[in-house]
Amino acid sequence: MDTKITLSGLTLDNPIIPASGTFGFGREFAAFYDLDILGSFCLKGTTREPRYGNPLPRIAECPSGMLNAVGLQNPGVDAVIEQELPEVAKIFRKPVIANISGFSIDEYAEVAAKFDACAQVGILEINISCPNVHAGGMAFGTDPKSAFEVTQAVKKVTRKPVYMKLSPNTADIARVAKACEDAGADGISLINTLLGMRLDLRKRRPLLANVTGGLSGPAVFPIAVRMVCQVARAVRVPIIGMGGVSCARDVIELMMAGATAVEVGAANLRDPYACPKIIEALPDVMREYQIEKLSDIIGCAVKE
Amino acid sequence: MPKSVLYTVETRKKLTHDTYELNLSGDTSAITKPGQFVNILLDGLFLRRPLSVCDWDDGTLRLIFKVVGDGTRQLAKVRPGDTLDTLTGLGNGYTLTGRAPILIGGGVGIPPMYALAKAYLRKCVLPRIFLGFRSPDDAFYIDEFRELGCETAAAYGSTLVTDLIRDRQPAYDHYCACGPEPMLKAVAKMCRGVGELSFEARMGCGFGACVGCTCRTLTGNKRICVEGPVMRSDEIDWEAL
């Protein structure tokens, strides 16, 4: 059973990567298991300045999922590099994926340039899809032209592989993906959360202080499969697929739809052992579907 | 350090029309301080439900909860022998400060005060208990606190627990409170010195990963699930809550 996959020259032992914002900087999960079993992991979304994010409440239960409106809380890129990365090195010996957010093209480039100097960072994932901030964020990822510009600006300042993380909250995700590829992106990550909203019936008001939040969890998995497939048909660069993945079968499904690697998000919050359980189950599920080599199935279901 | 434990329901008892007591068996080694909480996975719900620990010893755990939504409604129907997938030993807990503490609980904020009272008693410190309920029909555990040997007073309805304290004028050198936010605020405003307050929040994970429950305090951002739920009264930024 061969579970290895390669993302832009970086070979991972398996395709399982905890998604940004559901894994902090790894510490909380290191209390439960040895992180080195993971393919890699995505750091908490990082901006130039420290951010508190949105007021509470910023979490809501949903049918088969959850809304979050955290709003990119993070200590800022300098603190991430000076304080968090050395701590990460103590609990994870493989390259990590830095996740970058910004409110201007310059900010994306500045943060990317800083991570470029970090040997621990194997890939830059550029989040142009956060639905919980009111300027920047998702605005860059829903329009092909601005997605192109962010990609180009980041590519100029780094030699590390650049993966653009796209929003499902757009009319034509394949066009946005293509624009990123045209601008030199080394890969595409998708999907970020879908914009949702819940009400507090007693208070007759929105439940989240931010009014809206991003929907994640199994509820969004079919949308992820559809969009990974659409993007796989539109671009040639590798895809990191995500959105509601909760078991090894979901991993196989997203890979058959075109993903080279798979991020696991909300499932980590429900069950801290979600990723080790998936990794443990992968060989059996591969056997069940007669898969010898996991990388063989990438996009097999969607080739036209 | 948090731990994932499968608890077995031993008994379920109805304490009031909407409040239940569950006694569970299983590994409690991760619970080290009163005021900590557990986070329970329930069928058909995506996120776990956080509940404060009412009491524990080696191998048994007691929880008290009020039915407020889908999660607690389901929990109210568990039967002896059922198992509960639980993350345990979450949060910081109380520090057991003081030689003459008063413990103040409001509604579902009362359960953690029980283990706290017992922990103080083990240190040969006798706390005084002040409890607030919406009505006499909502009252529970007054006798249990008295059976511990603690002087226990209860307030109902429009009489607030702070009225009770003002009225009784207890001598105290520390206070601990858990209950609705307006109660915590009133307690912090009225009581002398620095006390410990336990806060509630809608949580994603309950173990610090998602930062969904981070609040601003005067000493920086704090995750209610890790750096809380118990916080010092002098670090709360009431404006930012």
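Model, not experiment: these values are computed from the prediction. (Residues numbered from 1 in each chain as written. Chains lettered and ligands numbered in written order. Predicted model: local features only at pLDDT ≥ 70, side-chain atom pairs only at ≥ 80, totals over all residues. Heavy atoms only, no water.)

### Examining the overall build of chain B
Okay, so step 1: When helices and strands are tallied, chain B shows 5 helices and 14 strands.
Okay, so step 2: Here the C-alpha atoms of chain B give a radius of gyration of 17 Å, agreeing with the 18 Å that 2.2 N^0.38 yields for 241 residues.
Okay, so step 3: Counting only C-alpha atoms and orienting by the principal axes, one finds that chain B spans roughly 45 × 40 × 35 Å.
Okay, so step 4: Here chain B holds 241 residues, and 56% of them are scored as buried.
Okay, so step 5: Considering only contacts within chain B whose residues lie at least 6 apart along the sequence, 63% involve residues at least 24 apart. (Helix = DSSP H or I, 4+ residues; strand = E, 2+ residues; numbered from the N terminus. Rg over C-alpha atoms; globule rule 2.2 N^0.38 Å. Buried < 20%, exposed > 50% of the residue type's maximum accessible area, 1.4 Å probe, protein only. Contact = heavy atoms within 4.5 Å.)

### Description of unusual backbone geometry
The phi torsion of most residues other than glycine is negative, and most of the peptide bonds are trans.
Okay, so step 1: Following Leu190(A), the chain continues to Ile191(A) via a peptide bond in cis, the omega torsion being 10°.
Okay, so step 2: Inspection of the secondary structure assignment puts Ile191(A) in the loop between β9 (187–190) and β10 (194–196).
Okay, so step 3: Here Gly228(B) and Pro229(B) are connected by a cis peptide whose omega angle stands at 5°.
Okay, so step 4: Mapped onto the elements of the fold, Pro229(B) is located in the loop between β13 (220–223) and β14 (230–232).
Okay, so step 5: The residue Ser64(A) is not glycine, and still its phi comes out positive at about 55°.
Okay, so step 6: Take Ser64(A): it is sitting in the loop between β4 (59–62) and β5 (65–68).

### Focus on the side chain of Lys165(A)
All names here are of chain A.
Okay, so step 1: Take Lys165: it is sitting in strand β8 (residues 162–165).
Okay, so step 2: For the buried Lys165, no salt bridge exists, and the shortest N-O distance to an oppositely charged side chain is 4.3 Å, to Glu125.
Okay, so step 3: Residues in contact with Lys165, not counting those within four places in the same chain, are Asn99, Glu125, Ile126, Asn127, Ile128, Ser129, Ser189, Asn192 and Met242. (Lys, Arg positive; Asp, Glu negative; His and termini not counted. Salt bridge = Lys/Arg side-chain N within 4 Å of Asp/Glu carboxyl O.)

### Digging into the packing of helix α2 (residues 77–91) of chain A against helix α3 (residues 105–116) of chain A
All names here are of chain A.
Okay, so step 1: Close contact between α2 and α3 brings their axes to 10 Å; oriented N to C, the two are set at 20°. On the basis of the axis angle, α2 is roughly parallel to α3. The crossing of α2 and α3 is right-handed. Side by side, α2 and α3 meet where Val77, Asp78, Val80, Ile81 and Leu85 of the first sit next to Val111, Lys114 and Phe115 of the second.
Okay, so step 2: In terms of residue class, the contact of α2 with α3 is built from 6 nonpolar, no polar and 2 charged. (Axes fitted to C-alpha atoms, helices over the stretch in contact; angles between N-to-C directions. Parallel < 35°, antiparallel > 145°, perpendicular 65-115°, else oblique. Left-handed = near helix turned anticlockwise from the far one by under 90°. Nonpolar A, V, L, I, M, F, W, Y, C, P; charged D, E, K, R; others polar.)

Such coordinate-based values are descriptive only and should not be taken to indicate function.
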